[in-house]
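Each chain is listed here by its residues.
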Amino acid sequence: MAMESLRQFLVALSAAAAVGFVSIIFVLRWVLHYKEGLAWDGGLAEFNWHPVLIVSGFIFLQGIAIIVYRLPWTWQCSKLMMKFIHAGLNLVAFIFAVISMVAVFDFHNAAKIPNMYSLHSWLGLIAVILYCLQLVLGVGMYLIPITPVSWRAAFMPLHVFSGLLLFASVIAVALMGITEKLIFGLSNPKYKDSPPEAIFVNVLGVLLVVFGALILWIATRPAWKRPSDQILHILHTNGGGEDNTKVGPALSQLSDGADAETSGDVRRRNNKLDDQTN
Ligand code: HEM
Ligand code: HEM
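Criteria and cut-off values
Residues numbered from 1 in each chain as written. Chains lettered and ligands numbered in written order. Predicted model: local features only at pLDDT ≥ 70, side-chain atom pairs only at ≥ 80, totals over all residues. Heavy atoms only, no water. Helix = DSSP H or I, 4+ residues; strand = E, 2+ residues; numbered from the N terminus. Buried < 20%, exposed > 50% of the residue type's maximum accessible area, 1.4 Å probe, protein only. Contact = heavy atoms within 4.5 Å. Areas by Shrake-Rupley, 256 points an atom, 1.4 Å probe, with all protein chains shown as cover. Donors = N, O, S within 2.8 Å, 3.2 Å for Na, K, Ca; no water. Tetrahedral: all angles 85-135°; square planar, octahedral: opposite > 155°, others 65-115°. Salt bridge = Lys/Arg side-chain N within 4 Å of Asp/Glu carboxyl O. Near = heavy atom within 4 Å. Polar contact = N/O pair within 3.5 Å; in protein donor to acceptor, adjacent residues only side chain to side chain. Nonpolar A, V, L, I, M, F, W, Y, C, P; charged D, E, K, R; others polar. pLDDT = per-residue confidence, 0-100. Expected span 1.5 Å × (residues − 1).

1. Structural notes on the overall build of the chain
So, point 1. Looking only at helices and strands, one finds 10 helices and 0 strands in the chain.
So, point 2. Of the regular secondary structure in the chain, the N- to C-terminal order runs α-α-α-α-α-α-α-α-α-α.
So, point 3. The buried share of the chain, taken over its 278 residues, is 46%.
So, point 4. Restricting to contacts in the chain with at least 6 residues of sequence separation, those with at least 24 account for 74%.
So, point 5. Surface accessibility of the chain: about 14,400 Å² in total, with carbon and sulfur atoms responsible for 71%.

2. A short note on the coordination of the iron atom of ligand 1
So, point 1. Every protein donor of the iron atom of ligand 1 is accounted for by His50 (NE2) and His120 (NE2), and the metal-donor separations fall at 1.9 to 2.0 Å.
So, point 2. If you look at the iron atom of ligand 1, its 6 donor atoms make angles of 87 to 179 degrees with each other, and the shape they trace is octahedral. A residue pair is termed long-range when its members are at least 10 positions apart, and His50 in helix α3 (residues 49-67) and His120 in helix α5 (residues 119-142) qualify at 70 residues. Each member of the pair, His50 as well as His120, carries the same accessibility label: buried.

3. Focus on the pattern of salt bridges
So, point 1. Applying the stated criterion to the full structure yields 3 salt bridges.
So, point 2. Glu4 is the salt-bridge partner of Arg7, the closest N and O atoms lying 3.3 Å from each other. Residue Arg7 and its partner Glu4 are located together in helix α1 (residues 3-34), separated by 3 residues, close to a single helical turn.
So, point 3. For Glu4, a relative accessible area of 42% puts it in the partly exposed group.

4. Remarks on the site of ligand 2
So, point 1. Taken together, 23 residues surround ligand 2, and among them Arg70, Lys79, His86, His159 and Lys225 come closest.
So, point 2. One of the side-chain nitrogen or oxygen atoms of Lys79 is found 3.0 Å away from an oxygen atom of ligand 2.
So, point 3. Taking Lys225, its side chain carries an N or O atom lying 2.7 Å from an oxygen atom of ligand 2.
So, point 4. Counting residues per element, the ones that place at least two in the shell around ligand 2 are α3, α4 (79-110), α5 and α6 (149-185).
So, point 5. Per-element accounting of the shell around ligand 2 gives the leading share, 6 residues, to α5.
So, point 6. Grouping the constituent residues of the shell around ligand 2 by class yields 12 nonpolar, 7 polar and 4 charged.

5. Things to note about unusual backbone geometry
Trans peptide bonds make up the majority, and among non-glycine residues the majority have a negative phi.
So, point 1. The peptide bond linking Asn188 to Pro189 adopts the cis configuration, its omega dihedral lying at 5 degrees.
So, point 2. Structurally, Pro189 is set in the loop between α6 and α7 (196-220).
So, point 3. Its identity as a non-glycine residue notwithstanding, Lys112 has a phi of 55 degrees, on the positive side.
So, point 4. For Lys112, a relative accessible area of 74% gives the class exposed.
So, point 5. Positive phi values are uncommon outside glycine, yet Ser194 reaches one of about 50 degrees.
So, point 6. According to the relative accessible area criterion, Ser194 is partly exposed, its value standing at 44%.

6. Concerning the coordination of the iron atom of ligand 2
So, point 1. On the protein side, the iron atom of ligand 2 has His86 (NE2) and His159 (NE2) as donor atoms, found 2.0 Å from it.
So, point 2. What the 6 donor atoms of the iron atom of ligand 2 show is an angle range of 86 to 179 degrees at the metal, which sorts the shape as octahedral. Taken together, the residues span a long stretch of sequence, with His86 in helix α4 and His159 in helix α6 at a distance of 73 residues.

7. Structural notes on the confidence of the model for the chain
Low-confidence regions, as indicated by low pLDDT, have predicted coordinates that should not be scrutinised in detail.
So, point 1. Looking at the chain as a whole, the pLDDT averages 88, with 85% of positions reaching at least 70.
So, point 2. In the model, residues 240-277 has pLDDT below 50 throughout and makes 54 contacts with residues more than four positions away in sequence or in other chains.

8. Brief notes about the site of ligand 1
So, point 1. Contacts to ligand 1 come from 25 residues, most closely from His50, Asn115, Met116, Ser118 and His120.
So, point 2. Note that an oxygen atom of ligand 1 is positioned 2.6 Å from one of the backbone N or O atoms of Met116.
So, point 3. With respect to ligand 1, the side chain of Ser118 contributes an N or O atom lying 2.4 Å from an oxygen atom.
So, point 4. Looking at the shell around ligand 1, the elements that each hand over two or more residues are α3, α4, α5 and α6.
So, point 5. Here the element with the most residues in the shell around ligand 1 is α6; it accounts for 8 residues.
So, point 6. Of the residues assigned to the shell around ligand 1, the class counts are 15 nonpolar, 8 polar and 2 charged.

9. Looking at α4
So, point 1. Its 32 residues place the ends of α4 46 Å apart at the C-alpha level, agreeing with the 46 Å of an ideal helix rising 1.5 Å per residue.
So, point 2. Of the residues trailing α4, Lys112 is marked for its positive phi of about 55 degrees.

10. A word on the environment of Phe167
So, point 1. Topologically, Phe167 is positioned in helix α6.
So, point 2. When its relative accessible area of 1% is taken as the criterion, Phe167 is described as buried.
So, point 3. Considered as a pair, Phe167 and Ile66 are 101 residues apart in the sequence and their alpha carbons are 8.9 Å apart.
So, point 4. Those residues within four positions of Phe167 in sequence are excluded, and the remaining contacts are Ile59, Gln62, Gly63, Ile66, Phe211, Gly212, Ile215 and Leu216.

What follows is the structure, given as structure tokens:
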């Protein structure tokens, strides 16, 4: 990665991490300071696990899972290891989402509130089910060694598209949930009177959108994509010189503007090849 591109990547990554952390702090402050706290008692404190686990797991961890391949310092790790990290983080995000579902259903049943009446709950449950499908298909396609290479290549654009669509949808569903909760939960003063809690949680919603935008930006820049294993191999054996650990600088030479005509071609060709072998 060229130096300037690396700098931009680090800015985007730091911004995403910072906004993600602040979102988690906001949701914790919401439930611990403005709301009833956290407990597993069938009451409102049990409901509160719902937003906490969604923001920390289904949004933050999923966002990180999506961009792990793009961290330049992991390019010297094997692709298989990165697949395990990508799949593992997505699995943990899914587990958080499931526990958050159990919390809200349990709360509704204990309080005799009907289930699945809102658009939020419909789209939310659909997102969780499709996320599970994405996870199962991801393992089937890219972790099980017997899956034909041609299937892997054909499925990759769909995997990336559905992954990004799911991530964006999860944030949209969370915004609906936040709005519902503010309308239901604020009575004296009401939501329309803009009490401090309403302002605070509106800001949380904005932060989630910004986090989503940063992750989508990072995950869609072609220049920040993990180079193919073939090109990394070439760098290790030829371009990397004596010090095999210096993949980063060597790579930056390769993709550096002017003199990179040929190596750019090599890289493009190899990325194509890579898409077939991943
Ligand atoms: C209810 C999913 C995020 C607030 C529900 C229900 C589901 C669900 C399936 C229905 C439970 C039932 O019928 O018993 C999701 C998903 C989310 C998400 C997948 C993440 C994308 C949030 C967030 C909040 C929230 C961040 C903010 C507080 C609520 C509220 C209810 C609820 C107030 C009860 C009212 C209703 O059923 O619509 N959620 N939720 N949700 N959720 Fe979420
Ligand atoms: C790439 C999402 C599960 C294997 C991607 C990308 C997204 C994504 C958005 C594009 C990343 C990029 O271009 O940098 C998801 C979601 C999952 C999931 C939301 C879970 C619900 C899995 C699983 C595997 C897997 C279980 C199995 C190992 C891959 C591979 C790539 C990829 C091999 C290509 C990486 C590259 O271009 O270098 N995934 N994924 N995914 N994913 Fe997943």
